[in-house]
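Letter by letter, the chains look like this.
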Amino acid sequence: MHGPTRARIEAKTLRTDRWWLYPLTTFVVFSAFIVYATVRAFWHTSYYSKPYLSPFYSPCLGKCVSGSSDFGQPFHWWPLSAALLVLIFPLSFRLTCYYYRKAYYRAFWMSPPACGVAESHKSYSGETRLPLILNNIHRYAWYGAVLIALVLTYDTVLAFGPTQGESGHVHMGLGTLIFVVNIVLIWLYTLSCHSCRHIVGGKLRHFSRHPVRYKMWDLVSRLNANHARYAWLSLFSVAIADLYVLLISSGAFNDPRFF
């Protein structure tokens, strides 16, 4: 705030709008999601109701209830919740995401709280020290996020299956619709990532010599323009999908079936 290149203005900001509203909203929503996700991760129950498996527990590789392990239980010896074996991948992807970093830097650390608002920190080390230096794994965390998205896509296909007592192969309920919306938003968020944009179009000197990669880069660039929106929507959708499975598996209500 009092750096040699800064104008001699004692006020932290000259903005007269409600600039604090966005970081405050971000803080409240992120905090609520963190509390909810933590509780559900350690809950280790009410995460499966045929044919729905909560995205927090997929793939279920630990000691899971019957019917929920589509890929076996190689970590059946794991004493804690099976969700803890899975959430590390989407969590590392979202925590290191460029948009999320901007959001929680402003909302939790006030660094800075908003554009045109000075921060109160006396020093700045960037992302060169622990724990922030771990944000450099984002490009590698993206690969893990793609694998999880593929598994959730498979779960969405299974969501068209019969529930308990139904016959036949293809059915659809409200849960199926929720799962479809969730996986679409997760793919939009994953594919609009800055790292994905670099993977498909980076390290090229001439796009004209790589027309396929150029088209892929152009598509991802278009998606990237709405990356922040997809980040928020997919955060809500994955929580709603888990909450829905929790409610129907605990007997709060039955899944409305369309056919």
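This text follows the structure it describes.
Thresholds, definitions, all that
- Residues numbered from 1 in each chain as written.
- Predicted model: local features only at pLDDT ≥ 70, side-chain atom pairs only at ≥ 80, totals over all residues.
- Heavy atoms only, no water.
- Helix = DSSP H or I, 4+ residues; strand = E, 2+ residues; numbered from the N terminus.
- Buried < 20%, exposed > 50% of the residue type's maximum accessible area, 1.4 Å probe, protein only.
- Contact = heavy atoms within 4.5 Å.
- Areas by Shrake-Rupley, 256 points an atom, 1.4 Å probe, with all protein chains shown as cover.
- Lys, Arg positive; Asp, Glu negative; His and termini not counted.
- Charge placed at Lys NZ, Arg CZ, Asp CG, Glu CD.
- Salt bridge = Lys/Arg side-chain N within 4 Å of Asp/Glu carboxyl O.
- Axes fitted to C-alpha atoms, helices over the stretch in contact; angles between N-to-C directions.
- Parallel < 35°, antiparallel > 145°, perpendicular 65-115°, else oblique.
- Left-handed = near helix turned anticlockwise from the far one by under 90°.

Novice: If you had to explain the overall build of the protein chain to someone new, which residues and values would you point to?
Specialist: Scanning the protein chain for helices and strands turns up eight helices and two strands. Reading the helices (α) and strands (β) of the protein chain from amino to carboxyl end gives α-β-β-α-α-α-α-α-α-α. When its C-alpha atoms are laid out on the principal axes, the protein chain stretches across 75 × 50 × 40 Å. A buried classification covers 41% of the 259 residues belonging to the protein chain. Taking as baseline every contact in the protein chain between residues at least 6 positions apart, the subset at least 24 positions apart corresponds to 67%. Summed over all atoms, the accessible surface of the protein chain reaches about 15100 Å², with 66% contributed by carbon and sulfur. The distance from the centre of the 24 positive side-chain charges to the centre of the 10 negative ones in the protein chain is 11 Å.

Novice: Quick one: what's the story with the pattern of salt bridges, residue by residue and with numbers?
Specialist: Taken as a whole, this structure holds six salt bridges when the rule is applied. The residue Arg15 makes a salt bridge to Asp17 at a minimum N-O spacing of 2.8 Å. With relative accessibility at 33%, the residue Arg15 sits in the partly exposed group. As a salt-bridge pair, Arg257 and Asp255 come within 2.7 Å of each other at their nearest N and O atoms.

Novice: Go over the packing of helix H4 (residues 138-158) against helix H5 (residues 174-191), please, and point to the residues and values.
Specialist: Interaxial distance between H4 and H5 falls to 10 Å at its minimum, and their mutual angle equals 160°. Compared by their axis directions, H4 and H5 come out roughly antiparallel. Crossing handedness for the pair H4 and H5: left-handed. In this structure, H4 contributes Trp142, Val146, Ala149, Leu150, Leu152, Thr153, Asp155 and Thr156 to the contact, and H5 contributes Phe179, Val180, Ile183, Ile186, Trp187 and Thr190.

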